[in-house]
Each structure stands twice: as C-alpha cells, then as structure tokens.
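Now for the letters of each chain:
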Amino acid sequence: MSKLVTIFGGSGFLGRYVARRLAKDGWRVRVATRHPNDSMFVRTYGAVGQVEPIFCNIRDDASVRAALTGAEAVVNCVGILSEKGKNGFDAVQAEGAGRIARLAAAAGISRMVQISAIGADADSDSAYSRTKAEGEAKVLEHMPGAMILRPSIMFGPEDEFFNRFAGMTRFGPVLPMVGGNSRFQPVYVDDVAAVAEMGVNGTAEGGIYELGGPEVSTFRELMAEMLDVIQRRRVLVNLPFWMARLMAFGLTAIQTVTVGIFHNNVLTADQIVNLRKDNVVSGDHKGFADLGLTPLAPEAILESYLWRFRPSGQYAAIKDSAKNLKV
C-alpha cells in the first residue's frame, strides 16, 4: 500500500500544488480542510480514491488527530491574511501549527513541512508575522527536524495578488497601491510546492528555507509589469500610509458592524505594517540554490493566466495579428 500524507489546507492556493505533486509521486493524499465539499476538485489529481478531501478544524485536537491517523508525513499550508471570528492569527498560525506538530509527533510521524513566510519575526509589530514565527517555534519544539518554508509573495493562476490588482483595472483609470516602493521577490507557487515535495519525500533536509524568485522588484514595478501583460494603461497612485490606515480602519469597522457578514480582506492595519517592509530573502537561511532548483520569474508565467484581463481577452493576439494584414 502506498504511503499516506496529510496536507492541512491542501485545497488552498499552495496546498493544491503540493497535493498534485505528491499524488504524481505515488502518495495517497489526505486533504484536510474546513470545506471538503468545496474541495472535490483535488480528487482529479490522482487515481480514483488516491486524493481525498476530509473535514478538519485545526483549532480542535480530535479533528487534527483524526486527520493524521495512518499518515507518514504532514504538510501544513494553513495561513490567513486577515482575521475573522474565531479564526484569528494566534488560533490559526501559532496554536494551529503547534497543535499539528504536537499530534504528529505523538503519532510517530517523522516528516513535517510547515509553510511560514518571509518576515516571520517573534518581535514584529505585525500579528501576521509574529504568529508565523510563533508557529515555527512551536513546530520545531515538537518536530525539530521539520522543514520550514518562508516564501515571498507567491504568484500563479489562483493567486490573490496579480489577479486582484488586474481585476481592479476594470473599474477606472487609476490603480491605487500602498507601499509602492517596498521591494518584493515574487516566487512561483509550483516552485514552492517542489521544495515541499522534497521535504515530504526526504530528499531535502529540514531547517529554514527562504524562497524568493530570481527577481527583486518594487510593488510599483510589479504593477507596471502586470499592466504591460494585460495591455492596459492605468495611473499608478501610491497612497500615503496615513490614508491607507484610515481606509483600513473604515473597512474593519464595517466588518465589526456587520458582525462579519462583510469580511475585510481588502486592506487591514496589520497588512499595512507589513507593506512598510521589504519582502525579500535575507540570505541568512538556505534557499533554492541549496536544493539545486532554479525558480521561474514572473514574466515566464503571468501571461498564461492574466490574459483574461486584457481588453480583448483571449482574442488579443488575433487582433494584433490582424493589424498586419494588408487589404
């Protein structure tokens, strides 16, 4: 019987890529998620019954223990960018990660991959970054040989970065940004999944890996590159941080007044704290080069999924070609 791996958050942005890779490697894949009925698409990643979504709430010991039953490896991809109800940063990114590691160790599981983030810092002013660091510490406390992955902002067909801003270009001539001069090192989601795959298969040792793409660009430069790909002209406006804080306060107030019916995943005060800082590898930890991997640059991927935001969509290339026809 093939080996079993449990992937918490295995139907999310990164998790689905990890699940697909491990299924191709012959693993039986258990995708632990809060919404298994919305995650049935993961079943197509392998043979019948090879990839199975199940319900799991990482805030509950019994739920996590059941998801780990029989597994030989575990990957935790669960993370949030904004808080909602009981799913706060501490509960999900710190306590949740620690719970998975503790119960995995108790179950005799020897391999664990924990997805963290560049900027994880126990002393950070950002609750997101602070709890990412706390989650790392709790994982290593119980699973000292775990692989910790700290990717920069990830891009790919399902991303919430380039897709979100490309979508915003449809509503006006101005594209607002916060922290336009902050530097990022975007990394292709499947390149991160490839490293996680190595951790699960035991072909890479544990420890902290900082994963950034081959190019470092400012937020403004990335938006300019995105606009070039979708063939739209927009005025890039870098909002001052004081204005961004006012916007974040208003959006969060609406979430509070509506008792969570409106979820502010647009802009929060915590996100603004992170946007003030560069999001690039520090060089203090291992990375792609140590694994013999060469990550892809955004220009190699963006056109493959951002074409739908072009004024002519899938017909843009045909229209460009038609301009060269002579009557």
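Everything here concerns the structure above.
All figures in this text were calculated on a predicted structure; none of them were measured in a lab.

### Here's the deal with the pairing of strand β6 (residues 147-151)
Inference 1: Among the 5 residues of β6, 5 are classified as buried, and the element is accordingly described as predominantly covered.
Inference 2: Burial along β6 is two-sided: M147, L149 and P151 facing one way and I148 and R150 facing the other are all buried.
Inference 3: By the bridge criterion, 3 bridges tie strand β5 (residues 111-115) to β6 in an arrangement that is parallel. Among the inter-strand pairings, I115 is bridged to a residue of β6, identified as L149.
Inference 4: Following the chain from β5 across helix α4 (residues 127-142) to the adjacent parallel β6, one finds a crossover that is right-handed.

### As for the packing of aromatic side chains
Centre-to-centre distance and the angle between the planes together describe a pair of aromatic rings.
Inference 1: Tallied over the full model, the rule gives 11 aromatic pairs.
Inference 2: A ring pair is formed by F41 and Y45, whose centres lie 6.3 Å apart and whose planes are at 70°; its orientation type is edge-to-face.
Inference 3: Exposure remark for F41: the relative accessible area of 31% places this residue in the partly exposed category.
Inference 4: Here the aromatic residues F155, F161, F162, F165, F184, Y188 and F219 are joined through ring pairs into a cluster of three or more.
Inference 5: Above the ring of Y45, the side-chain terminus of R20 is found at 4.5 Å from the ring centroid.
Inference 6: The ring of F241 carries R276 above its face, with NZ or CZ at 4.1 Å from the centroid.

### Overview of the pairing of strand β11 (residues 207-211)
Inference 1: Among the 5 residues that make up β11, 4 are buried, leaving the element largely enclosed by the rest of the structure.
Inference 2: Where β6 and β11 come together, 5 bridges link them in parallel fashion. Residue M147 lies in a different strand from β11, and its bridge partner there is G207.

### Structural notes on the packing of helix α1 (residues 13-24) against helix α6 (residues 189-201)
Inference 1: Here α1 crosses α6 at 50°, and the two axes come no closer than 9 Å. Taken together, the axes of α1 and α6 lie oblique to each other. Two packed elements cross with a definite hand, and for α1 against α6 that hand is right-handed. Of the residues in α6, those in contact with F13, L14, Y17, V18, R21 and L22 of α1 are V189, D190, V192, A193, A194, A196, E197, V200 and N201.

### Description of the side chain of S182
Inference 1: With respect to the element layout, S182 can be found in the loop between β8 (174-178) and β9 (183-184).
Inference 2: Judged by relative accessible area, which is 6%, S182 ranks as buried.
Inference 3: Within polar-contact distance, the side chain of S182 engages the backbone oxygen of L275 at 2.4 Å.
Inference 4: Not counting residues up to four positions away in its chain, the partners in contact with S182 are S217, T218, F219, L275, R276, K277 and D278.

### As for the pattern of salt bridges
Inference 1: In this structure the tally under the stated criterion is 11 salt bridges.
Inference 2: Residue D190 pairs with R21 through a salt bridge whose shortest N-O separation is 3.0 Å. With D190 in helix α6 and R21 in helix α1, the pair connects residues that are 169 residues apart, well separated along the chain.
Inference 3: Judged by relative accessible area, R21 falls into the partly exposed class, the value being 24%.
Inference 4: Taking the shortest distance from any N to any O, the salt bridge between E95 and K138 comes out at 3.7 Å. With E95 in helix α3 (residues 89-106) and K138 in helix α4, this residue pair connects regions lying 43 residues apart in the sequence.
Inference 5: Accessibility expressed as a relative area gives 41% for E95, which makes it partly exposed.
Inference 6: Among the charged side chains, a salt-bridge network with shared partners connects R21, D190 and E197.

What counts, and at which threshold
As a convention, each chain's residues are numbered from 1 in the sequence order in which they are written. Only residues with pLDDT of at least 70 are given local features in this predicted model, and only at 80 or more are side-chain atom pairs given and counted; all residues enter the totals for whole chains, interfaces and linings. Excluding hydrogens and water, the side-chain values take into account all heavy atoms of the structure. Residue exposure (1.4 Å probe, protein chains only): buried if accessible area is under 20% of the type maximum, exposed if over 50%, otherwise partly exposed. A run of H or I in DSSP counts as a helix once it spans at least four residues, and a run of E counts as a strand once it spans at least two, with each numbered from the N terminus. Two strands make a pair as long as DSSP finds a minimum of two bridges between them. Here a crossover is taken to be right-handed if, once the strands point away from the viewer, the path from the first strand over the helix to the second is traced clockwise. Stacked, edge-to-face and tilted are the three classes for Phe, Tyr and Trp ring pairs, Trp counted by its six-membered ring, which pair at centre distances within 6.5 Å; planes under 30 degrees apart are stacked, over 60 edge-to-face, the rest tilted. Placement of a charge over a ring requires the Lys NZ or Arg CZ to be within 6 Å of the ring centre, with the centre-to-atom vector within 35 degrees of the ring normal. Between N-to-C directions, angles cover 0 to 180 degrees, with each direction set by a line fitted to C-alpha atoms, over the stretch in contact for helices. Angle categories: roughly parallel below 35 degrees, roughly antiparallel above 145, roughly perpendicular from 65 to 115, and oblique for all the rest. Crossing handedness is read from the near helix: turned anticlockwise from the far helix by less than a right angle, it gives a left-handed crossing, and turned clockwise, a right-handed one. In this description, contact between two residues means that some pair of their heavy atoms is separated by no more than 4.5 Å. In protein, a polar contact means a hydrogen-donor-capable atom and an acceptor-capable atom, both N or O and within 3.5 Å, with residues adjacent in sequence counting only if both atoms are side-chain atoms; elsewhere, any N or O pair within 3.5 Å suffices. Put simply, a salt bridge is a Lys or Arg side-chain nitrogen that is within 4 Å of an Asp or Glu carboxyl oxygen.

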